[in-house]
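# Understanding the architecture of this molecule
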Amino acid sequence: MNRGRRRSSVIAVLPMYLFTLAFVLGPLIYMLFLSFESRSGQWGVTADFTLRNYTRIAEPLFMKTFWNSTKLALISTVFVLLIGYPFGYFMARLSKKWRSVCMLLLIIPFWTSALMRLYGWIIFFRANGVLDTLLMKIGLIDRPLKLLYSYPSVVVGMVYVLLPFMIYSVYASAEKLDWRLVEAARDLGASRFGAFRTVSLPLTAPGIFSGVILTFVPSMGLYFLADILGGNKTILVGNLIYEQLMKIHDWPFAAAISVVLLLLTSIFLFAYRRITKSDLEGLV
Amino acid sequence: MKKVLALILSLALIAALAVGCAPKPTEPAVSPDASDPTPPEAGGTLTLYTWEGMFPEEIIAGFEAETGITVNYAVFDTDETMLTKLETAKGGDYDLVIADDYIIELAVGAGLVQKLDKSKLSNYGNINPIYQGQFYDPADEYTVPYGAGVQTIVFDPNFVDIPVSGYADLLDPSFKDSVGVIGNYRVINGLALKILGYSYNTENLDEIDAAGAKLLELAPNIRVIKDDSLENDLISGEITAAVMYTSQVTAALLERPDLAVVYPAEGIGFGVMGSFIPSQAPNAEAAYKFLDYILDAQRGAECFEWLGYYSTFSASDAYISDEYKPFLTLPAEFGETEMIGNVSDEALQKHELIWTAFRDAAGK
């Protein structure tokens, strides 16, 4: 490559780097900085250096929100995997036409805001809502169940929002799968399940891993779900940060919690890299 | 590198899912009659700075027609935004601000508010004295109260069998998983303080701790904690009792007049929205004219019906229609009242802690 071309390619990517520096790195540094300062007055910040915000997180109640978030993320990820894996796997086996139909159906909901779609779930779950009416008509229940504002409805919302990411990852991996290998295993006497277990599953494992990380990491942050479907009773880290920022106006504490959350998710990502020794399948 | 970038981009996409809950964008400042091709005769401009939807259009239009002053209605989302802007403008730019009590205390403290010249307010005597002399303006030097939020308990008599007279009744096991409360921790923690007979504004950490323990007794009865449209849950039957914002109580009662409102026996807490003239207001005269215009008994009533908050002008009470009277005017007899004011940082941190513990317990 001659110098001229190299320079032009630098110019081409420069805006992107500057953008990232200004809008990703900049705020991050600001947040880190803020997390060591202290609050003053109703919502102000005084410049000093203190570790007080971090020691406050050690309060068992606040530590518990980290566990709550991790637990909810784990539960949601398991459900997403159980539903998303078969979906993505079999989608890859469909004819080309049906595959694109499926893909389209998966993408269309993204044209509306996630919040709007979640309000749909509220209508579905609420007292004397769609589900209640249906179950009462069938005669399974005789009075409204209290479905909305419960933990299960939060999990349903989580699974609903995150499912497509698992499907895409599994699909991307299953599509690349050489089906002749499965046929060979079957020819050599493997049962249907045996062939799946020894051939398909290991070959689609990268898709599972990236699906898990794509589900798990963002689910740590989908706090508004606990808010609108859970009646604000399940406190996730995100809720805590939101509350500190918007209601209590303790910005330094909110920043400190955010830094810890960021570290936690980085650890998850790092562990993923170490376990799979790869980047995310289906994304690159 | 490419892979890392792709990863960042995908995560950004996912993050975009979450933006649905971002706060509402601030409305640009608009003049309600911006489309009016013939502006009234020159009488200057009144820059009014408050939340959206604080006045019916007829009032603003009527004021413009009567005085020839053009109203420039600037909007803020939160009290904090208002104070920040006012600080940046050094008390200038705006002629009249309407905001919450606690922030006015801070604005006065920062020297951003000018003393009222009451001789310019012929209708000053219309103000209900209950709302005067409060913590944010003890000598009534700076503000005219405009609408008050009064903490009540609203319940659905069709589903509630026990008599409800105060906050303590909400702890009754018959309310299990049926109570909705707003997400305002000073109000809800305060409810527990009141049950125990303490002040909303206590800075005694032991008292706040005791309130925290009381809240844990309430927790099993909590079905939902939220600020937005809690009234809909009461209307639809999702919850059977609620402690909510006054505007929500008004909305619920307009939809379901059969709902019952109780003034808690433990004492009534209230919040006031106050109007004040910033220290360097460019057109303070216009602000006086506007204040006097809305202080008129009949116009005041019109405003409060529109606003859905308690009338702060006793002269207006008589003009409030019967439909609205039960929830926009205070009854003749009521218990003690206390406002929620600013408290020390230590007390606030304790409040945060018991509030988080309460929400956590409610989820179990």
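Residues numbered from 1 in each chain as written. Chains lettered and ligands numbered in written order. Predicted model: local features only at pLDDT ≥ 70, side-chain atom pairs only at ≥ 80, totals over all residues.

## Focus: the overall build of chain A
A count of helical and extended segments in chain A gives 12 helices and 2 strands. Oriented by its inertia axes, the alpha-carbon framework of chain A measures out at about 80 × 75 × 35 Å. Counting across all 284 residues of chain A, residues that qualify as buried make up 35%. If you take every contact in chain A between residues at least 6 apart in sequence, the share linking residues at least 24 apart comes to 73%. (Helix = DSSP H or I, 4+ residues; strand = E, 2+ residues; numbered from the N terminus. Buried ≥ 20, exposed ≤ 12 C-beta atoms within 10 Å, placed from the backbone. Contact = placed C-beta atoms within 7 Å.)

## As for the sheet that holds strand β6 (residues 179–181) of chain B
All names here are of chain B. Read across the open sheet, the 5 strands follow the order β7-β6-β8-β5-β9; overall the sheet is mixed. Looking at strand neighbours, the two that pair on one side only are β7 (222–225) and β9 (260–262), the edges of this open sheet. Averaged over all adjacent pairs, the angle separating strand axes in this sheet is 20 degrees, with direction ignored. Across 3 bridges, the pairing between strand β5 (residues 153–155) and β9 is antiparallel. Within β9, the residue paired with F155 across the bridge is A260. (Pairing = 2+ DSSP bridges. Axes fitted to C-alpha atoms, helices over the stretch in contact; angles between N-to-C directions.)

## Thoughts on the packing of helix α7 (residues 151–176) of chain A against helix α9 (residues 192–219) of chain A
All names here are of chain A. The contact between α7 and α9 brings their axes to 8 Å, and the two run at 155 degrees. Regarding the angle of α7 to α9, the classification is roughly antiparallel. Regarding α7 and α9, the two cross each other, and that crossing is right-handed. The segment α7 lies against α9, with M158, L162, F165, M166, S169, V170, A172, S173 and A174 engaging T204, P206, G207, I208, S210, G211, L214, T215, P218 and S219. (Parallel < 35°, antiparallel > 145°, perpendicular 65-115°, else oblique. Left-handed = near helix turned anticlockwise from the far one by under 90°.)

## Quick word on the domain arrangement of chain B
All names here are of chain B. Partitioning chain B into domains gives domain 1 (26–149 + 271–332) and domain 2 (151–266 + 339–362). Look at where the C-alpha atoms of domain 1 and domain 2 centre, and you get two points 29 Å apart. With 13 residues of domain 1 in contact, the opposing surface of domain 2 contributes 13 residues. Of all the secondary structure elements, the ones that give two or more residues to the side of domain 1 that touches domain 2 are α4 (101–109) and α12 (325–328). For the side of domain 1 that touches domain 2, the class distribution of residues is 7 nonpolar, 4 polar and 2 charged. (Domains from an automatic or database assignment. Nonpolar A, V, L, I, M, F, W, Y, C, P; charged D, E, K, R; others polar.)

## Focus on the nonpolar core
Core analysis: the biggest nonpolar cluster contains 151 residues, and L225(A), V97(B), V154(B), A241(B), A242(B) and A287(B) have the highest contact counts within it. At 15 residues, the largest contribution of residues to this core is made by α7(A). Residue-level mapping places this core at the junction of two domains, with at least three residues from each of domain 1 (26–149 + 271–332) and domain 2 (151–266 + 339–362) of chain B. Ignoring anything within four residues of it in the chain, the contact list for A242(B) reads V154(B), V179(B), G180(B), V181(B), L230(B) and L234(B). (Core = buried A, V, L, I, M, F, W, Y, C linked by C-beta atoms within 7 Å.)

## Quick word on helix α5 (residues 114–125) of chain A
Residues and elements named next belong to chain A. Taking 1.5 Å per residue as the helical rise, α5 with its 12 residues ought to reach 16 Å, and the 17 Å between its terminal C-alpha atoms agrees with that figure. Taken as a whole, α5 has its buried residues at A114, L118, W121 and F125. Projection of α5 onto a plane perpendicular to its axis shows the buried side chains occupying an angular sector of 45 degrees, all on one side. Facing away from the buried surface of α5 by more than 90 degrees, the exposed residues are M116 and I123. (Expected span 1.5 Å × (residues − 1). Arc of directions from axis to C-beta.)

## What to know about the confidence of the model for chain B
Residues and elements named next belong to chain B. Here chain B averages 88 in pLDDT, while 88% of its residues score no lower than 70. Contacts for the low-pLDDT stretch residues 16–41, under 50 throughout, to residues beyond four places or in other chains number 37 contacts. For this predicted complex, the interface score ipTM comes out at 0.83, alongside a pTM of 0.82. (pLDDT = per-residue confidence, 0-100.)

## Overview of unusual backbone geometry
We note that Y149(A) has phi near 60 degrees; this positive angle belongs to a residue other than glycine. Within the secondary structure, Y149(A) sits in the loop between α6 (130–138) and α7. Residue Y149(A) is classed as buried on the basis of its C-beta count, with 30 C-beta atoms lying within 10 Å. Of note in this structure, D93(B) is not a glycine but carries a positive phi near 70 degrees. For D93(B), the location among the structural elements is in the loop between α3 (79–88) and β3 (96–100). Among the residues examined, D93(B) registers 16 C-beta atoms within 10 Å and is labelled partly exposed.

## Concerning the packing of helix α9 (residues 284–295) of chain B against helix α10 (residues 297–307) of chain B
All names here are of chain B. Contact pair α9 / α10: the axes reach a minimum separation of 5 Å and the direction vectors enclose 85 degrees. Here α10 runs roughly perpendicular to α9, going by the angle between their axes. Where α9 abuts α10, its residues Y293, I294 and L295 lie against R299, G300 and C303. Here the residues of the contact of α9 with α10 sort into 4 nonpolar, 1 polar and 1 charged.

## Some details on the pairing of strand β10 (residues 268–276) of chain B
Residues and elements named next belong to chain B. Buried residues dominate β10, accounting for 8 of its 9 residues. Examined bridge by bridge, β3 and β10 share 4 bridges and lie antiparallel to one another. Counterpart to A99 in the pairing with β10 is G274. In this structure, strand β4 (residues 143–150) lies alongside β10, joined through 6 bridges in antiparallel fashion. The residue of β10 that forms the bridge with A148 is V272.

## Description of α9(A)
With 28 residues, α9(A) should reach 40 Å at 1.5 Å per residue; the first-to-last C-alpha distance of 34 Å falls well below that figure. The largest bend in α9(A) is about 45 degrees, located at L201(A), with the proline P202(A) one to four residues further on. (Bend = angle between axes of the 7 residues up to and from the residue.)

## Comments concerning the confidence of the model for chain A
Chain-level pLDDT for chain A is 88 on average; 95% of the residues reach the 70-or-more range. Model confidence for chain A, summarised as mean pLDDT per element, is weakest for strand β2 (residues 44–46) of chain A at 79 and strongest for helix α3 (residues 60–92) of chain A at 94.

## Quick notes on the environment of I235(A)
Take I235(A): it is sitting in the loop between α10 (223–228) and α11 (237–246). We classify I235(A) as buried; it has 24 C-beta atoms within 10 Å. On a C-alpha basis, the gap between I235(A) and R117(A) in space is 22 Å, while along the polypeptide they are 118 residues apart. Setting aside anything within four residues of it in sequence, one finds I235(A) in contact with T65(A), N68(A), L240(A), T356(B), R359(B) and D360(B).

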